[in-house]
Amino acid sequence: MSADSHDGIGARRPAEDVLSARELYRFYRAGEEETLALRGVSLNVRRGETVAVVGPSGSGKSTLLSCLAGLDEPSGGEVRVNGVRISHRPETERARLRARHIGVLLQTRNLLPHLSVRDNILLAQRAAGRRSAVSWRELVGQVGLAERAHALPRQLSGGEVARAGLAVALANAPEVLLADEPTGELDGGTEQLVLTMLRDRAADGCAVLIVTHSAEAVRIADRVITLTDGRAGSTSTADHRSRQEERHARG
Ligand SMILES: Nc1ncnc2c1ncn2[C@@H]1O[C@H](COP(=O)(O)OP(=O)(O)OP(=O)(O)O)[C@@H](O)[C@H]1O
């Protein structure tokens, strides 16, 4: 959390629930056709917590992530980061809040095609409008792209693009990290690297939410939310329960 925030989010004492959504609804209207993609979804993600969102195709996962990221506006309900409402604001304001406080890893990999990996990272850091705790060199090193920092996205392999996208999502040292299928179509090694980095960010206090179909990604989550037809149900993972028991045993 930066102390130099001017928007109230960073100035507040970190809430336990860093990310909270209340009664989110999202209607889509295409001509005569109306789809109710979210039907009253409420959720919270706490500091240091990793939540996986799963559900069948069309259940509203990407719509939910877009609303949480402020990329899309819910038709009803609200989204808050550290208690500050980020939904129902003009798009430019949402973009500013997102740039400062939220890391977003999209399936399209959030990279500008005409910028190198390094310049994509620097752009995200500049948009955050504050000194980042982590340098671009550290970020490319963390994702194993130190040798490819000056390459353009089209010059990278699929796995490298995914890792570069993750470096960009982490460039603003976000309080909230939202990832849409971060491990889709990655080889086992790259999937592990991406998941380890997501877990490490959570260990640093970030609230992490992952939309995923991957059993491996579900395995690293503390909690799993299942979306069905735009509605949310919640379950704890077995791993989470054993981690809690482990912490309890350690005192
Ligand atoms: N821009 C849009 N206009 C109209 N309907 C949309 C739009 N985007 C999504 N939908 C509809 O909203 C519903 C939820 O879509 P969404 O993409 O959120 O599902 P999803 O769970 O992410 O699916 P998948 O796992 O296949 O990516 C679907 O019925 C979809 O057809």
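Residues numbered from 1 in each chain as written. Predicted model: local features only at pLDDT ≥ 70, side-chain atom pairs only at ≥ 80, totals over all residues.

An unreviewed UniProt entry annotates the protein as ABC transporter ATP-binding protein of Streptomyces collinus. Per UniProt, the protein carries the Sequence similarities (unreviewed entry) text "Belongs to the ABC transporter superfamily." (UniProt positions renumbered as here; feature names shortened; annotations may be inferred.)

Visitor: Before we go on, may I ask you to explain the nonpolar core in this structure?
Guide: The nonpolar side chains of a soluble globular protein tend to be buried with one another. Membership of the largest hydrophobic core comes to 69 residues, with the highest contact counts inside it found for Val 53, Leu 68, Ala 167, Leu 178 and Ile 210. The element contributing the most residues to this core is helix H5 (residues 158-169), with 7 residues. Those residues in contact with Val 53, other than ones at most four positions away along the chain, are Lys 61, Leu 64, Leu 209, Ile 210, Val 211, Ile 225 and Leu 227. (Core = buried A, V, L, I, M, F, W, Y, C linked by C-beta atoms within 7 Å. Buried ≥ 20, exposed ≤ 12 C-beta atoms within 10 Å, placed from the backbone. Helix = DSSP H or I, 4+ residues; strand = E, 2+ residues; numbered from the N terminus. Contact = placed C-beta atoms within 7 Å.)

Visitor: Would you mind going over unusual backbone geometry with me for this structure?
Guide: With the exception of glycine, most residues fall at negative phi, and the peptide bonds are largely trans. Even without being glycine, Glu 23 reaches a positive phi, approximately 50°. Turning to its location among the elements, Glu 23 is positioned in strand E1 (residues 17-30). When the 13 C-beta atoms within 10 Å are taken as the criterion, Glu 23 is described as partly exposed. Positive phi is not limited to glycine here, since Asn 82 has a value of about 50°. Relative to the elements of secondary structure, Asn 82 occurs in the loop between strand E4 (76-81) and strand E5 (84-85). Exposure remark for Asn 82: the 25 C-beta atoms within 10 Å place this residue in the buried category.

Visitor: Whenever I open this one, the sheet that holds strand E2 (residues 33-46) confuses me. Can you help?
Guide: What links the strands of a sheet is backbone hydrogen bonding, and the strands pair in either a parallel or an antiparallel sense. Taken in spatial order, the 4 strands make up an open sheet running E2-E1-E4-E5, and their pairing is antiparallel. In the strand order of this sheet, the two ends are held by E2 and E5, each with one partner. Taken together, the 5 bridges between E1 and E4 define a ladder with antiparallel strand orientation. When the sheet's bridge partners are listed, Tyr 25 is paired in E4 with Gly 76. Where helix H1 (residues 61-69) meets the sheet, it contacts E1, E2 and E4, and its direction lies at approximately 120° from that of E1. (Pairing = 2+ DSSP bridges. Axes fitted to C-alpha atoms, helices over the stretch in contact; angles between N-to-C directions.)

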